[in-house]
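# Geometric and topological summary
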Amino acid sequence: MSTGNKGGGNKGGGGKKKEVKKETKLGMAFKKDDNFGEWYSEVVVNSEMIEYYDISGCYILRPWAMEIWELLKEFFDAEIKKLKLKPYYFPLFVTENVLQKEKDHIEGFAPEVAWVTKSGKSDLEAPIAIRPTSETVMYPYFSKWIRSHRDLPLRCNQWCNVVRWEFSNPTPFIRSREFLWQEGHTAFATKEEADEEVLQILELYRRIYEEFLAVPVSKGRKSEMEKFAGGLYTTSVEAFIPNTGRGIQGATSHCLGQNFAKMFDITFENDKGSRSMVWQNSWAYTTRSIGVMVMTHGDDKGLVLPPRVAPLQVIVIPVPYKDVDTTAIVNECKKTVETLEKAGIRADLDTRENYSPGWKYSHWEMKGVPLRIEIGPKDMANNQVRIVRRDDGVKADVPTTNLVEQVTVLLDGIQQNLFETAKQKRDACLKVVNTWDEFIAALNDKKLILAPWCDEEEVEKDVKSRTKGELGAAKTLCIPFEQPDLPEGTTCFASGKPAKKWSFWGRSY
Ligand code: 87F
């Protein structure tokens, strides 16, 4: 029991109406459509996912967030195990010298690197960086560990925290200075193997978003400007937040080519007896994914959790009534939870006596629990329970005889419904444009823009500078793998040159 049951109904039916002492104010002050930013902060705090911390951009992740992270991790770990990934843990710290090995690409990132300069009162001999990502931490050892083609492929994954000292607008989960992620780093003898893995991992990221978080994403390739500069090409899954009209990168899977192999001298003896450079990939998804889910499904009552990632899928609430025996009701609630748990459903009961049923309804709605079961005297008499859905508020009286089946069907239905609804909302924001004027109109209208593009870096730069403003500039989100027809003679919306690809454009997080 996780709900702080104080005495759990042992006091019996009582007779007089329970005194409700601790009725603090509940509910949301901000509405999603009126003030999205404040609404979001309120949801993550009130749902008990996040506690703000006294360092800007750092947040406490409470069990309600960590349990979601663990559920995602469980899925992802099992899947990458099938791909023969091995778990590692590399140190948090990296010397300046080693970090600088990557200096071409680190340059742009340098302002975000945090340094340890002291121990106690004395200066360290040399400052030590806190990892913003682990290429430079890991690859010197790849070079040591990889000798022959028999050492390949080398496939590492680590779950860890990283620190990037961002300066723009910190937001829980979405942009924080320390965050949790998994980072995969792999090395292969051939480019073909590396290419294949990039897409295998990207598909896992799609499944995390679509099948677990119920957030629709587009798979695609990043433009030259938006790719990881240290790599050969970058693929990503991209989500979209209709309320702000912003795209958001969900996860990335990079093919690094042989750039790092050159820098860190990672070579193997090939079957002809000479040395070849390895082909490398790196890929990551972060706790940002939880924030995207919150933004996508949350409503004016708070968080709405997809059942597959809900720490609790069902909350059972006793509804005592006047003189009726409370103990019997609480016992029925306990039995119900046991039945559900035995069937593998994450369920709990809230027997706290200092809160009214109504207060508990709001509380668990705020926390986004997919199903609420209410049990009162009438339900007991009829061998039924009342089930209320969090996603659409629909209520049903369900006979206790086939409760597990009913709950399972409802949970599946909610998972499905959340995804379908989110997809419809996203698709309603999609705007296909062909000209600059249409592009600007769609951008001002907070659309997710799909436009024919010449795929030239100079043109993307130009679009960025021409759309600069308070809300931030427009950029490419990705060039989707799923390409609509591009008829011969189609021109780029921005340059008028022949279009090569359809690309997603928009403002982004
Ligand atoms: C911030 C500071 C220093 C991103 C940074 O995407 C370095 C970096 O290298 C940096 N922010 N990056 C790129 C990270 C690339 C790559 N690393 C492994 C990933 C996936 C996981």
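Refer to the structure presented above.
Below, the structure is looked at part by part. (Residues numbered from 1 in each chain as written. Predicted model: local features only at pLDDT ≥ 70, side-chain atom pairs only at ≥ 80, totals over all residues. Heavy atoms only, no water.)

## Here we look at the side chain of Ser 134
For clarity, the cut-off: We count a stretch as a helix when DSSP gives it H or I for four or more residues in a row; a strand needs E for two or more, and each element gets its number in order from the N terminus. To sort residues, take the accessible area from a 1.4 Å probe on protein chains only and compare it with the maximum for the residue type: under 20% means buried, over 50% means exposed, and anything in between is partly exposed. Any pair of residues with heavy atoms lying within 4.5 Å of one another is described as a contacting pair.
Tracing the chain through its elements places Ser 134 in the loop between β6 (122–130) and α5 (135–145). Look at Ser 134 and you get buried, because its relative accessible area is 0%. For Ser 134, the contacting residues outside a window of four places in its chain are Gln 158, Glu 183 and His 185.

## Brief notes about the site of the ligand
What counts is decided by this rule: Near, as used in this document, describes a residue that has one of its heavy atoms within 4 Å of the molecule or strand being considered. Between N or O atoms, a polar contact is any pair within 3.5 Å; within protein, one atom must be a potential hydrogen donor and the other a potential acceptor, and residues adjacent in sequence are included only when both atoms are from side chains. Residue burial considers only the protein chains on display, and all accessible areas are found by Shrake-Rupley using a 1.4 Å probe. Put simply, the grid is 1 Å and covers the protein atoms alone, a cavity is a trapped set of points that fit a 1.4 Å probe, a pocket is an open set with protein on both sides within 12 Å along at least five of seven lines, and lining residues have an atom within 4 Å of a point. Placement in a cavity or pocket follows one criterion, namely that more than half of the molecule's atoms lie within 2 Å of its grid points. Here the nonpolar group is Ala, Val, Leu, Ile, Met, Phe, Trp, Tyr, Cys and Pro; Asp, Glu, Lys and Arg are the charged ones; every other residue, Gly included, is treated as polar.
As a structural note, the neighbourhood of the ligand is formed by 16 residues, with Phe 109, Thr 133, Glu 135, Arg 164 and His 254 the closest of them. Within the side chain of Glu 135, one N or O atom sits 2.6 Å away from a nitrogen atom of the ligand. In isolation the ligand exposes 470 Å². Once the protein is present, 94% of that is buried. Under a 2 Å grid-point criterion requiring more than half of the atoms, the pocket assigned to the ligand is the largest pocket. If you list the elements that add at least two residues to the shell around the ligand, you get α4 (103–109), β8 (178–188), β11 (246–257) and β14 (279–286). Grouping the amino acids of the shell around the ligand by side-chain chemistry returns 8 nonpolar, 5 polar and 3 charged.

## Things to note about the pairing of strand β10 (residues 233–241)
Our working rule: Two strands pair under a simple rule: DSSP has to find at least two bridges between them.
Counting buried residues in β10 gives 9 out of 9 residues, a clear majority hidden from the surface. Residues Tyr 233, Thr 235, Val 237, Ala 239 and Ile 241 point to one face of β10 and Thr 234, Ser 236, Glu 238 and Phe 240 to the other, with burial holding for every one of them. The pairing of strand β9 (residues 218–221) with β10 spans 4 bridges and is classified as antiparallel. When the bridges of β10 are listed, Arg 221 appears paired with Thr 235. Judged from the 9 bridges that link them, β10 and β11 form a sheet pairing that is antiparallel. Looking at the pairing, Ile 241 lines up with Arg 246 of β11.

## Considering the packing of aromatic side chains
Note the cut-off: In summary, the pairing rule links any two rings of Phe, Tyr or Trp, Trp by its six-membered ring, whose centres are within 6.5 Å, and it sorts them by plane angle into stacked for under 30 degrees, edge-to-face for over 60 and tilted for everything else.
In the structure shown here, the tally under the stated rule is 29 aromatic pairs. Taking the centre distance of 6.0 Å and the plane angle of 90° together, the rings of Trp 159 and Tyr 285 count as edge-to-face. Highlighted residues: Trp 159 in strand β7 (residues 154–163) and Tyr 285 in strand β14, separated in sequence by 126 residues. For Trp 159, a relative accessible area of 16% corresponds to the buried category. For the ring pair Phe 179 and Trp 181, a centre distance of 5.9 Å and an interplane angle of 80° mean the geometry is edge-to-face. Take Phe 179: its relative accessible area is 11%, and that puts it in the buried class. Given the relative accessible area of 6%, Trp 181 is considered buried.

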